[in-house]
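A closer look at the structure
Residues per chain, in single letters:
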Amino acid sequence: MARNDSRVYVGNLPPDIRTRDIEDLFYRFGKIVFVDLKNRKGPPFAFVEFEDPRDAEDAVRQRDGYNYDGYTLRVEFPRGSGMSRFRGGRGGRGGPPSRRSENRVLVSGLPPTGSWQDLKDHMREAGDVCYADVFKDGTGVVEFLRREDMKYAVRKLDDTKFRSHEGDVSYIRVKEDSRGRSRSRSRSASQKRSRGSPRYSPMRSRSQSFSRSRSPY
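Quick look at the structure, then. (Residues numbered from 1 in each chain as written. Predicted model: local features only at pLDDT ≥ 70, side-chain atom pairs only at ≥ 80, totals over all residues. Heavy atoms only, no water.)

A word on helix 2 (residues 53-63)
The following threshold applies: The buried label goes to any residue with under 20% of its type's maximum accessible area, the exposed label to any with over 50%, and the partly exposed label to all in between, with areas taken from a 1.4 Å probe on protein chains only. Only runs of H or I of at least four residues qualify as helices and only runs of E of at least two qualify as strands under DSSP, and these elements are numbered from the N terminus.
With 10 of its 11 residues buried, helix 2 lies for the most part within the structure. Residue G65 follows helix 2 closely and has a positive phi angle near 85 degrees.

What to know about the packing of aromatic side chains
Formally: For Phe, Tyr and Trp, where Trp contributes only its six-membered ring, two rings pair if their centres lie within 6.5 Å, and the inter-plane angle classes them as stacked under 30 degrees, edge-to-face over 60, or tilted in between. Only Lys NZ and Arg CZ are tested; either one counts as a charge over a ring when it is within 6 Å of the ring centre and within 35 degrees of the ring normal.
Under the criterion given, the structure shown has 5 aromatic pairs. Seen in terms of ring centroids, F26 and F50 are 6.5 Å apart; in terms of plane orientation they differ by 70 degrees. Their pairing is edge-to-face. Within this pair, whereas F26 is found in helix 1 (residues 19-26), its partner F50 is found in strand 3 (residues 45-50), the two being separated by 24 residues in sequence. On the numbers, 6.0 Å between centres and 90 degrees between planes, the contact of F45 with F47 is edge-to-face. Each residue in the set Y9, F45 and F47 is aromatic and connected to the rest through ring pairs, giving one cluster. One cation-aromatic arrangement involves R63 over Y66; the distance from NZ or CZ to the ring centre is 4.2 Å.

Overview of the nonpolar core
What counts is decided by this rule: Throughout this description, the term nonpolar core refers to a set of buried Ala, Val, Leu, Ile, Met, Phe, Trp, Tyr and Cys residues connected via side-chain atoms within 4.5 Å.
Ranked by size, the top nonpolar core spans 19 residues in total, and within it V8, L13, I22, F26, V48 and F50 carry the most contacts. Of all the elements in the fold, those that place two or more residues in this core are strand 1 (7-11), helix 1, strand 2 (32-38), strand 3 and helix 2. Ranked by size, the runner-up nonpolar core spans 16 residues in total, among them V105, L110, V129 and L157.

Points about the sheet that holds strand 1
Within a sheet, neighbouring strands are paired by backbone hydrogen bonds and run either parallel or antiparallel to one another. Counted only if it meets this: A pair of strands is treated as paired once DSSP finds two or more bridges between them. Under this scheme, a helix contributes an axis fitted over its contacting stretch, all axes are lines through C-alpha atoms, and angles between N-to-C directions fall in the 0 to 180 degree range. Every residue pair with non-hydrogen atoms within 4.5 Å of one another is taken to be in contact.
On the basis of which strands lie adjacent, the open sheet formed by 4 strands has the order 2-3-1-6 and antiparallel pairing. Each edge of the open sheet is held by one strand with a lone partner, namely strand 2 and strand 6 (74-76). Strand-to-strand, the axes of this sheet are offset by a mean angle of 15 degrees, without reference to chain direction. In terms of strand pairing, strand 1 meets strand 3 through 4 bridges, oriented antiparallel. Directly across from V8, in strand 3, lies its bridge partner V48. Set on the sheet, helix 2 makes contact with strand 1, strand 3 and strand 6; between it and strand 6 the angle comes to about 150 degrees.

Observations concerning the side chain of D55
Relative to the helices and strands, D55 is located in helix 2. Residue D55 is classed as buried on the basis of its relative accessible area of 4%. Ignoring sequence-local partners within four residues, the contact set of D55 consists of F29, G30, K31, F50, K120 and R124.

Thoughts on the packing of helix 2 against helix 3 (residues 116-123)
To keep things clear, this is the line we draw: Roughly parallel refers to an angle under 35 degrees, roughly antiparallel to one over 145, roughly perpendicular to one between 65 and 115, and oblique to any angle outside these ranges. Throughout, a crossing is termed right-handed when the near helix is turned clockwise from the far one, and left-handed when it is turned anticlockwise from it by less than a right angle.
Where helix 2 meets helix 3, the axes come as close as 12 Å, and the angle between the chain directions of the two elements is 160 degrees. Regarding the angle of helix 2 to helix 3, the classification is roughly antiparallel. In the crossing of helix 2 with helix 3, the sense of the turn from one axis to the other is left-handed. Every residue of helix 3 that contacts helix 2 at R54, D55, D58 and Q62 is listed here: W116, Q117 and K120.

This is the structure in structure tokens:
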């Protein structure tokens with residue numbers, strides 16, 4: 001990805017905004033490389049650059065249109081970046097990341113205020129999270145890019161203390177969702193059979209045609 005894919009533009013800021021205030025607004029989405037605040041001439045605006053482009057996507061989803069001290073923030077990718085046409089993932093703006101993986105864990109015991117972003121942040125200790133979502137019954141699902149990260153999450157993050165962005169604390173359970181992989185294997189096997197079966201019918205047709213051509217009758 002291009003460098004600009006990790007950077008977001010932040011506009012419609014209050015006149016007395018400070019760099020520290022902007023860091024407080026965006027730190028929960030991931031590691032911030034730097035904040036460039038422009039507030040000497042005209043209305044203030046800023047650029048926030050993250051280490052991971054996926055964190056920039058999350059920041060746009062969660063902070064564009066956010067009410068901060070009476071000001072409705074404008075958060076978007078700068079023009080000319082590869083993500084300037086970015087839109088929200090599944091569920092639209094505010095929804096969880098849209099990339100999917102077979103390396104999935106099921107989480108239970110989440111507090112009522114736990115968000116998908118809170119869950120994503122918690123599970124990042126195990127590796128690269130590509131998808132996270134939570135449900136009203138206190139359960140959630142997390143998908144990792146790599147299988148070894150998923151296995152690590154089951155070993156190390158099961159029965160760990162989880163804290164929501166509102167400060168609620170609970171101990172969560174984490175287990176592998178084996179059904180996802182079995183569904184994937186059955187689809188793969190079905191595709192292999194469907195691709196392999198046509199190979200035999202042309203051979204039979206050619207064999208029958210050859211036999212008829214050699215027959216004197």
